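# Secondary and tertiary structure notes
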Amino acid sequence: MRVMAQMAMVMNLDKCIGCHTCSVTCKQAWTNRPGTEYVWFNNVETRPGQGYPRTYEDQERWRGGWVRDRRGRLRLRDGGRLSKLLRIFANPKMPSIDDYYEPWTYDYENLTSAPLGDQMPVAPPRSLIGGEPMKISWSANWDDDLGGSPEIVPGDPVLAKVSEQVRLEFEQTFMFFLPRICEHCLNPSCMASCPSGAIYKRSEDGIVLVDQDRCRGWRMCVSGCPYKKMYFNHKTGKAEKCTLCYPRIEVGLPTVCSETCVGRLRYLGLVLYDVDRVLEAASVENDADLYEAQKGVLLDPHDPEVVAGARAEGISDEWIEAAQRSPIYALIHTYRVALPLHPEYRTMPMVWYIPPLSPIVDAVARDGHDGEELGNLFGALEALRIPIEYLAGLFTAGDTAVVEDVLRRLAAMRSYMRDINLGRETQPHIPESVGLTEEEMYDMYRLLALAKYDERYVIPTAYAAGAIPGAEEPGCSLSFEGGPGMYESGPFGEASGGPVAVAVETFHALQHRQTSDGMAANADRPSRVNLLNWDGRGTPPGIFPGDGDRR
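Report on the accompanying structure. Just so we're clear, the structure is a prediction, and the values are computed from it rather than from any experiment.

Turning next to the overall build of the protein chain. Broken down by element type, the protein chain carries 23 helices and 16 strands. Nonlocal contacts in the protein chain, meaning residues at least 24 apart in sequence, comprise 68% of its contacts between residues at least 6 apart. Counting only carbon and sulfur atoms, one obtains 50% of the accessible surface of the protein chain, whose full area is about 25600 Å².

On to the pairing of strand E12 (residues 266–274). Two faces, one strand: in a regular strand the side chains alternate between the faces of the sheet. In terms of burial, E12 is a largely internal element, nine of the nine residues being buried. As judged from the nine bridges shared by strand E1 (residues 3–12) and E12, these two strands associate in the antiparallel manner. Paired with Val3 across the bridge in E12 is Asp274. Sheet topology places E12 next to strand E16 (residues 457–458); two bridges connect them, and they run parallel. Note on E16: the bridge partner recorded for Leu268 is Tyr457. Pairing of E12 with strand E13 (residues 298–299) involves two bridges; the strand directions are antiparallel. What sits directly across from Tyr273, in E13, is Leu298.

Let us now look at the nonpolar core. One broad trend across soluble globular proteins is that nonpolar side chains are buried collectively. Membership of the largest hydrophobic core comes to 134 residues, with the highest contact counts inside it found for Met230, Leu331, Phe395 and Met441. Looking at this core element by element, the count peaks at 10 residues for helix H19 (residues 400–421). Residues in contact with Met230, not counting those within four places in the same chain, are Tyr100, Cys190, Ile199, Val210, Cys221, Val222, Cys225, Ala239, Glu240 and Lys241.

Moving on to the environment of Ile129. With respect to the secondary-structure elements, Ile129 resides in the loop between strand E6 (125–127) and helix H5 (149–152). Separated by 94 residues in sequence, Ile129 and Gly35 place their C-alpha atoms 8.2 Å apart. Other than its neighbours up to four places away in sequence, Ile129 contacts Ile97, Glu102, Pro103 and His234.

What follows covers the pattern of salt bridges. In a structure, side chains of opposite charge can pair up when their charged atoms sit close to one another. Counted by the stated rule, this structure contains 22 salt bridges. The residue Arg311 makes a salt bridge to Asp317 at a minimum N-O spacing of 2.9 Å. Taking the relative accessible area as the measure of exposure, Asp317 reaches 49% and is therefore partly exposed. Each of Glu45, Arg47, Glu57, Asp156 and Arg180 takes part in salt bridges that share partners, so that together they form one network.

Closest axis-to-axis distance for the helix H13 (residues 304–312)/helix H14 (residues 317–324) pair is 10 Å, and the angle between their directions is 145°. H14 is crossed by H13, and the crossing has right-handed handedness. The segment H13 lies against H14, with Val307, Ala310 and Arg311 engaging Asp317, Ile320 and Gln324. Of the residues that constitute the contact of H13 with H14, the class distribution is three nonpolar, one polar and two charged.

Moving on to the environment of Asp274. One can find Asp274 in strand E12. Discounting chain neighbours no more than four positions away, the residues touching Asp274 are Met1, Arg2, Val297 and Leu299. A polar contact is formed between the side chain of Asp274 and the backbone nitrogen of Arg2, at a distance of 3.1 Å.

So, about H14. Taken as a whole, H14 has its buried residues at Trp319, Ile320, Ala322 and Ala323. Seen along its axis, H14 keeps its buried residues to an arc of 160°; they face one direction. Among the structural elements, E1, E12, H13 and E16 are those in contact with the buried residues of H14.

The next point concerns the layout of surface pockets. Empty space left among the atoms is revealed by rolling a probe the size of a water molecule over them. Each pocket or cavity is described by its volume, and for the second largest pocket that value is around 400 Å³. Together, 22 residues line the second largest pocket, and Lys161, Asp287, His342, Glu344 and Tyr345 are the ones closest to its centre. Of all the secondary-structure elements, those providing two or more residues to the lining of the second largest pocket are helix H2 (59–62), strand E3 (66–68), helix H6 (157–162) and helix H18 (388–395). Ranked by residue count, the leading element in the lining of the second largest pocket is H6, at four residues. In the lining of the second largest pocket, the residues fall into eight nonpolar, four polar and 10 charged.

On the surface, Leu82, Leu85 and Leu86 cluster together into a nonpolar patch covering about 380 Å² of accessible area. Summarising the element assignment, Leu82 is placed in helix H3 (residues 81–86). Here Leu82 falls in the exposed class, since its relative accessible area comes to 60%.

Okay, empty space enclosed by the protein next. Applying the stated rule across the entire model yields seven cavities of 30 Å³ or more. Space inside the second largest cavity adds up to approximately 100 Å³. Considering the residues around the second largest cavity, the lining is formed by 15 residues, among which Cys182, Glu183, Cys185, Cys190 and Cys225 are closest to the centre. Across the lining of the second largest cavity, the residue classes tally to nine nonpolar, three polar and three charged.

Looking now at the packing of aromatic side chains. Aromatic rings considered in pairs are described by the distance between their centres and by the relative angle of their planes. Per the stated rule, a full pass over the model turns up 15 aromatic pairs. With a centroid separation of 5.9 Å and 70° between ring planes, the pair formed by Tyr38 and Tyr231 is classed as edge-to-face. Here the residue Tyr38 occupies a position in the loop between helix H1 (21–30) and strand E2 (43–47), and Tyr231 occupies one in strand E10 (residues 230–233), the gap between them amounting to 193 residues. Per residue, the accessibility class of Tyr38 equals that of Tyr231, and both read buried. Aromatic side chains Phe41 and Tyr231 sit 6.2 Å apart centroid to centroid with 40° between the ring planes, which places their arrangement in the tilted category. Of the two residues, Phe41 sits in the loop between H1 and E2 while Tyr231 sits in strand E10, which places them 190 residues apart along the sequence. Taken as a pair, Phe41 and Tyr231 share a single burial class, namely buried. Within the aromatic cluster, the residues linked to one another by ring pairs are Tyr38, Phe41, Tyr52, Tyr100, Tyr101, Trp104 and Tyr231. Looking at Arg180, its charged tip hangs above the ring of Tyr56, at a distance of 3.8 Å from the centre.

Criteria and cut-off values
- Residues numbered from 1 in each chain as written.
- Predicted model: local features only at pLDDT ≥ 70, side-chain atom pairs only at ≥ 80, totals over all residues.
- Heavy atoms only, no water.
- Helix = DSSP H or I, 4+ residues; strand = E, 2+ residues; numbered from the N terminus.
- Contact = heavy atoms within 4.5 Å.
- Areas by Shrake-Rupley, 256 points an atom, 1.4 Å probe, with all protein chains shown as cover.
- Buried < 20%, exposed > 50% of the residue type's maximum accessible area, 1.4 Å probe, protein only.
- Pairing = 2+ DSSP bridges.
- Core = buried A, V, L, I, M, F, W, Y, C linked by side-chain atoms within 4.5 Å.
- Salt bridge = Lys/Arg side-chain N within 4 Å of Asp/Glu carboxyl O.
- Axes fitted to C-alpha atoms, helices over the stretch in contact; angles between N-to-C directions.
- Left-handed = near helix turned anticlockwise from the far one by under 90°.
- Nonpolar A, V, L, I, M, F, W, Y, C, P; charged D, E, K, R; others polar.
- Polar contact = N/O pair within 3.5 Å; in protein donor to acceptor, adjacent residues only side chain to side chain.
- Arc of directions from axis to C-beta.
- 1 Å grid on protein atoms, 1.4 Å probe; cavity = no way out; pocket = protein on both sides within 12 Å on 5 of 7 lines; lining within 4 Å.
- Points joined across faces, edges and corners; volume = space filled by probe spheres on them.
- Patch = residues over 30% accessible without salt bridge, like charges linked within 9 Å, V, L, I, M, F, W, Y side chains within 5 Å.
- Phe/Tyr/Trp six-rings, centres within 6.5 Å; stacked < 30°, edge-to-face > 60°.
- Lys NZ or Arg CZ within 6 Å of the ring centre and 35° of its normal.

So this is what it looks like as structure tokens:
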């Protein structure tokens, strides 16, 4: 057993309202520069729908992820080295700009510069790529809230596997929202597809990143990723992807999409896993067994043997404690309500989802029955407006029994908590019916419904309590031509060089450095005092008048 740590995320789809705040804040933070106009590291899809890019889940077309050959070995669906070499300069298995969308802006100048006429001037759309006038026909959120569903829904690859005939009347159709980011997989096919070895998985926390210096723009990673969360910057000629906001993670802050989520549906935490079992779990014969196999790779952080193995691999006690408090392990293993997205791709994704249950109570109550009575809830699961078969196609490779077990636990939690909220005696048989104790069920309710900030985000910092005297800042790997960069003085703001504005993510790092000898405000090289967390030490001469200067 070789223990490693992995930052992971769980999203509770019951809470997603489709506001796209996460998408907009991520866009503003990471992809608001030339060459990334069409790039959405985070996007929220309406399901059923074709997704972004269109029909990305159709691997017969896009050939992403892994497949198991007759000998039981994993092979890239897109082909091996020879196949990639033959088409290295022209890769046809990749979405075009039409499958994403051609980004546009509006010719606002026409509103003020148009000649006098009888008609009100307008701001026609223009392409952000070529600058020519264009007709808008698709975008990342074109099917938002089932807009245009008669045209869009039949193209959903998951729905095509579930049902031969779909009722498209708007009042009878079903929908829910699915936020998506990079899965930061344990077995990333994008990394295996890269000919130049530019994609790497950080050993300390499992975040998958792209080395911009090594990337040669072959775009094989775009084909290899089955979730199509690898993007090509047509200005820099480099591949880019979600970084899980690692500059924030390193100082103990959640990702931007998590921080700004209106529904508070995202959970971030550390999990420990056995790296020696990843290949075995990803290579199981039946797709329906992949969920249990992947769950088995995650280790119990309270197990003394696991703790000893983690320490042997250099994982600190602080990180082990964070793994023990992690909401991720609890939701996956203890409460067993979180599921991976498309495990059949065999990439071992590390962003999991709690399937939606929202419509069930209202649907039962409309018929005049008690909407939160356990028997009524269990009986209504098979009649959900969101078919279990569709959810199974997304999260369990078609195994409806696993999805039904998850929905039963969520329904049992609602029924059990009603008695507590009404001041009545609890019914122990409710949690027992789904394999949980009363304490576990109440803890699950606290985590899913009432969890505080530090319970939803358990992120160990990557920095020691004291800075090393005389240590210099490392360079920022994002500071390439046309890239997002950070600050000219270094990735941590004011105390890292010349005077710059203080960003939110600098707070924790600066809090330690203001009190250290080597990089505080009273260091040999001049810098400003950060008054947001200044503790009275490290005061540059002259900032305050002396006793003799007072009048």
